Amino acid sequence: MDFFAILSCAQICTAEMPFPRRVISFWDGKADKSADDCLVHKTLEMPLNHLGIDVMYSDIQEPLPPLSREDGVLGVILCFRDETKRCRPIELIDWAIEAIELGKKVLIFRNGGFLVDQNGFFTPIDEQNRLFERLGLVNSGRWVDYPFDYKVVYSDSALIPFERNYSDPLPGFYQAQNLGAAESLLKVAIPEQKDSESDLILVGPHGAYVASLYENNYEDAAANTDPRSLGWHLNPFLFFEKVFEIGAPHPIPDVTTLAGRRIFYSSCDGDNWKGATTLEDNPEQNVYCAEIVLQQIIRPYPHLPMSMGIIAAVLDPAWVGDPKSQQIAREYLALPQVEAASHSYSHPFDWTFFKTGGPEKEIKYLPLYPYGSWQNSYLSWFNARHKNKDFGGESLSWGYVIPRAYANQPFHLDLEISGAASYIDQFAPPDNQVHLLLWPGDGKPWAEPVALCQKAGLKNLGGGFVRFDPEYPSNLFVYPIGRKPGGWIQPYSSMSAENSYSEGWSSRFYGFQYLPATLQNTESPRRIKPIQLFYHSYSGEYLASLNAVLKNIAAIQKLPHIPIRASRYSDVAEGFYSTEIVEIGPAQWKIKNRKGLETVRFDHVEEMKIDFAHSTGVIGQTEHQGSLYVYLDAAVDEPILTLGNQGSSHPYLMESSWEIWNLVRHEDELAFQTKGWGPLIMKWNVNGRVLSIERDDLPNNQELGWKVKLE
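Rules behind the numbers
Once a new chain begins, its residue numbering starts again from 1 and follows that chain's sequence as written. For this predicted model, a pLDDT threshold of at least 70 governs which residues receive local features, and a threshold of 80 or more governs which side-chain atom pairs are given and counted, while totals over whole chains, interfaces and linings are taken from all residues. Excluding hydrogens and water, the side-chain values take into account all heavy atoms of the structure. Helix and strand assignments follow DSSP, with helices taken as H or I runs no shorter than four residues and strands as E runs no shorter than two, numbered in order from the N terminus. Partly exposed residues are those whose accessible area sits between 20% and 50% of the maximum for their type, while under 20% is buried and over 50% is exposed, using a 1.4 Å probe and protein chains only. Note on areas: these come from Shrake-Rupley sampling with a 1.4 Å probe, and a residue is covered only by the protein chains present in the view. In this description, strands pair whenever DSSP reports at least two bridges between them. As a rule, the C-alpha atoms of each element are fitted with a line to give its axis, helices using only the stretch in contact, and angles between N-to-C directions run from 0 to 180 degrees. One side-chain nitrogen of Lys or Arg within 4 Å of one carboxyl oxygen of Asp or Glu is enough to make a salt bridge. Here the angle decides the label: under 35 degrees means roughly parallel, over 145 means roughly antiparallel, 65 to 115 means roughly perpendicular, and every other value means oblique. For any pair of crossing helices, the crossing counts as left-handed if the nearer helix is rotated counterclockwise from the farther one by less than a right angle, and right-handed if it is rotated clockwise. Pairs of residues are marked as contacts when any of their non-hydrogen atoms sit within 4.5 Å. Basically, the charged four are Asp, Glu, Lys and Arg, the nonpolar ten are Ala, Val, Leu, Ile, Met, Phe, Trp, Tyr, Cys and Pro, and anything else, Gly included, counts as polar. pLDDT expresses, on a scale from 0 to 100, how confident the predictor is about each individual residue. Only Phe, Tyr and Trp rings are paired, with Trp represented by its six-membered ring, and only when their centres lie within 6.5 Å; those with planes under 30 degrees apart are stacked, over 60 edge-to-face, the remainder tilted. Here, the term nonpolar core denotes a set of buried Ala, Val, Leu, Ile, Met, Phe, Trp, Tyr and Cys residues that are joined through side-chain atoms within 4.5 Å. Residue count minus one, scaled by 1.5 Å, sets the expected span of a helix. For this text, the term disulfide refers to a pair of cysteine sulfurs within 2.5 Å. In protein, a polar contact requires one atom able to donate a hydrogen and another able to accept it; more generally it is a pair of N or O atoms within 3.5 Å, and residues adjacent in sequence count only if both atoms are side-chain atoms.

Looking now at the overall build of the protein. For the protein, the helix and strand inventory stands at 15 helices and 34 strands. Each of the three principal axes of the protein carries a C-alpha extent, and together these read 80 × 75 × 50 Å. The buried share among the 711 residues of the protein stands at 59%. Counting every atom, the protein has about 28,300 Å² of accessible surface; 50% of that belongs to carbon and sulfur.

Turning to the sheet that holds strand 23 (residues 588–592), a few remarks are in order. Ordered by their spatial adjacency, four strands build an open sheet running 22-23-28-25, and the pairing between neighbours is antiparallel. Because the sheet does not close on itself, it has two edges, and the strands there are strand 22 (580–585) and strand 25 (609–610). Alignment of strand 23 against strand 28 (residues 640–644), held across three bridges, turns out to be antiparallel. Across the sheet, glutamine 588 pairs through a bridge with threonine 642, a residue of strand 28.

Our focus in this paragraph is the sheet that holds strand 31 (residues 669–675). As summarised here, the arrangement of the three strands in space is 30-31-34, forming an open sheet in which the pairing is antiparallel. This sheet does not close on itself; its edge strands, each paired only once, are strand 30 (659–665) and strand 34 (704–709). Across the sheet, the mean angle separating the axes of adjacent strands is 25 degrees when strand polarity is ignored.

Another point: the pattern of salt bridges. Opposite charge on two side chains makes pairing possible when the charged atoms of those side chains draw close. Within this structure, the stated rule accounts for 43 salt bridges. Between glutamate 331 and arginine 299 there is a salt bridge, with the nearest N and O atoms lying 3.2 Å from each other. Of this pair, glutamate 331 sits in helix 8 (residues 323–334) while arginine 299 sits in the loop between helix 7 (289–298) and strand 14 (306–310), and the two are 32 residues apart along the sequence. Note on arginine 299: relative accessible area 34%, which makes it partly exposed. Here lysine 459 makes a salt bridge to glutamate 574, at a shortest N to O gap of 4.0 Å.

Attention now goes to the packing of helix 7 against helix 8. Taken N-terminus to C-terminus, the directions of helix 7 and helix 8 make an angle of 20 degrees; their axes are 10 Å apart at the nearest point. When the axes of helix 7 and helix 8 are compared, the pair comes out roughly parallel. In this structure, helix 7 crosses over helix 8, and the sense of that crossing is left-handed. Along its contact with helix 7, which presents Ala290, Glu291, Val293, Leu294, Gln295 and Ile298, the element helix 8 presents Lys324, Ile328, Glu331 and Tyr332. By residue class, the composition of the contact of helix 7 with helix 8 is six nonpolar, one polar and three charged.

Bringing the confidence of the model for the protein into the picture now. Parts of the prediction with low pLDDT should not have their coordinates interpreted in detail. Residues at a pLDDT of 70 or more form 95% of the protein, whose mean pLDDT is 93. Counting interchain partners and residues more than four positions distant, the pLDDT-below-50 stretch residues 1–14 has 25 contacts.

Right, let's get into the packing of aromatic side chains. One pass over the structure, following the stated rule, counts 39 aromatic pairs. Measuring from centroid to centroid gives 5.5 Å for phenylalanine 132 and tyrosine 209, while their planes differ by 85 degrees, and the two rings are edge-to-face. A residue pair is termed long-range when its members are at least 10 positions apart, and phenylalanine 132 in helix 4 (residues 125–135) and tyrosine 209 in strand 10 (residues 207–210) qualify at 77 residues. Taken as a pair, phenylalanine 132 and tyrosine 209 share a single burial class, namely buried.

Looking now at the packing of helix 2 (residues 39–50) against helix 6 (residues 236–243). Across the interface, helix 2 lies against helix 6 with an axial gap of 9 Å and an inter-helix angle of 65 degrees. Judged by the inter-axis angle, helix 2 sits roughly perpendicular to helix 6. In this structure, helix 2 meets helix 6 at a crossing whose hand is right-handed. Side by side, helix 2 and helix 6 meet where Leu44, Met46, Pro47, Leu48 and His50 of the first sit next to Pro236, Phe237 and Phe240 of the second. Taken together, the residues of the contact of helix 2 with helix 6 sort by class into seven nonpolar, one polar and no charged.

The next point concerns the pairing of strand 22. Alignment of strand 22 against strand 23, held across five bridges, turns out to be antiparallel. In the sheet register, glutamate 583 faces strand 23, and the bridge partner there is tryptophan 589.

Turning our attention to the nonpolar core. The biggest cluster of nonpolar side chains holds 82 residues, and the ones touching the most others in it are Trp273, Ile298, Tyr332, Leu533 and Tyr535. Ignoring anything within four residues of it in the chain, the contact list for leucine 533 reads Phe264, Tyr265, Ser266, Ser267, Phe512, Leu515, Val549, Asn552, Ile553 and Ile556. The next biggest cluster of nonpolar side chains, apart from the first, holds 79 residues, and it includes Ile24, Leu48, Phe132 and Ala208.

Next up on the list: helix 3 (residues 89–101). Between its first and last C-alpha, helix 3 extends 19 Å over 13 residues, near the 18 Å set by a 1.5 Å rise per residue. Those residues of helix 3 lying buried are Pro89, Leu92, Ile93, Trp95, Ala96, Ile97, Ala99 and Ile100. Of the surrounding elements, those touching the buried residues of helix 3 are strand 1 (22–27), strand 3 (73–80), strand 4 (105–110) and helix 4.

All right, on to the state of the cysteines then. Within the structure shown, the criterion is met by zero disulfides. Between cysteine 268, a cysteine without a disulfide, and cysteine 289, which holds the nearest cysteine sulfur, the sulfur-to-sulfur distance is 10 Å.

Now for the side chain of asparagine 685. Considering the arrangement of structural elements, one finds asparagine 685 in strand 32 (residues 680–686). Under the relative-accessibility criterion, asparagine 685 is labelled buried at 12%. Here glycine 688 takes part through its backbone nitrogen, which lies 3.0 Å from a polar atom of the side chain of asparagine 685. Those residues within four positions of asparagine 685 in sequence are excluded, and the remaining contacts are His650, Pro651, Tyr652 and Met654.

With that settled, the discussion passes to the pairing of strand 31. Of all seven residues in strand 31, five are buried; the element is thus mostly enclosed. Pairing geometry for strand 30 and strand 31, over five bridges, is antiparallel. In the strand pairing of strand 31, isoleucine 660 is matched with threonine 674. Here strand 30 hands over to strand 31 after three residues, the two strands then running antiparallel side by side. As defined by bridge partners, strand 31 adjoins strand 34 across six bridges and the pair is classed as antiparallel. Paired with alanine 671 across the two strands is lysine 707, which belongs to strand 34.

Have a look at this one:
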């Protein structure tokens, strides 16, 4: 609750009011394990992020957050699973009405959280309609449970259908009628029975109403068992644009693009580092999976930066480490393209398990650890292979049998965060110390581990699920930019790893080769994710899995991209949440507090472009799929962007495969700094003509000063 109060105070006290780009939503502390288990995070937040909107979560079972006109909040979303019930639902109705009176948009999806109280008593329909009427509709309170005769009689063709048509028969619904001030996007009725007509999706001046299951058909059970059946009925990108009235050009913080190109980064988690590969004919050679990855995936591509997340336990002889695993680590971390990263000390699978009472709770699992434990060793090995694992332990995340990979010492949080980084550092050169933690397991640490990363000076990345392919054919399976346990930022991985393509590394070891389908679907018709190549050391176990990674590298190299390190992407993602956009004049904005984010995007710009004569700190611009991507100068803290209708007489960057900063435009020359990986490809617009620069003889990841003559 303090977060909202601090935000409000901070913005009241500032002279320049940032454009409101935050919405308040809720999770249910009784139905959800955490905020990132709620429906909004799983279904609505990604398209909201794409439009530059940041979602702040509060527990619906706790006191409602305070509101004010100057709190930077654009709107409120009420969307819950059917089981959510609040002790005083009328209080939520009053709060939502107050939000409308303070100028916030209120959006209701599925269960709005006020239909019934915790005892199962329905909220009087007159009380519900106090809120519904503010949104432009009246709810009759009549539930149509068997809509076999109902048909869609009107739908806005620009929004519906998007990915999937509605089922036949339609889902059940409450009959609702438009009062006239709202725009109806979907009407259903029994044909030729006018009095049966019901408005199921409406957008009005104060928000929107979407009947349950008429936005999408997402259900948790189907997501796990039949993902092909799920999809959006309603185009969420255009819908949120319409509701929040953000169709007019304004800057959107964008995490997908740098220097006019789609971001590429790569990360490898050190799981099964010491596992035996099947690629060697002679098992006595004892070749580790990590060796295969090093020799066949990493060394051949010095121009592709990658971040190697090493599990400290596989290096530490007090755990399961040995001299060979240590030497392999030294070889990895000595390579210029490899960024040292931690994958924790003991590789927790289920982070929440260790939030309270970890050592005591873990005792019953100790006989199951295949590499021994802090109470026994031989029995652990024997029982893990020969005893029934149904021993009454608590249910773990993702069906894990043990809460972490290694348990040679009792769990200690500081050891997992700063301790792991410090231990790995002794195998890395001084200029490649660990500054990044790649979250292992379910990727859902609670607030304290993420806070410890911040305090230890570590960037963090991981968790989430991103697939968009024939097996997962919907934007529903593209996660948001990140999660914020306790207000601390944890950027998600941008793509799923090979384990999700191989049934948890149990079959289809070739499956990861289908990653390019997700790369394509997250690029077009709108760019919603950067490119990430995310895999594990166990890809070195089989020829099929090794070839899958190599095929993905070949496919990615054919795509225009800008290679960066994973820690750099973490900076970009953090910048999404911190960026403030201040309108300082007609079609003119100041960008503040953006951290590592260097691109803003304008949608629907039509003929408008950057007016460089009245802008500062802007290096370039490029058009892509109807959007204008604007590249900001990292050397300028608060750039100013101005849009205009005239072409620019100032030279500007169109695209670059390397990052550029500290640009100075002279009458006959450009001066700037660059750094990057692989061949340098630049295109500048100089008075309407394209000036191309291509070099393949430059050192990787070294800052270079440039002076380019404008001839």
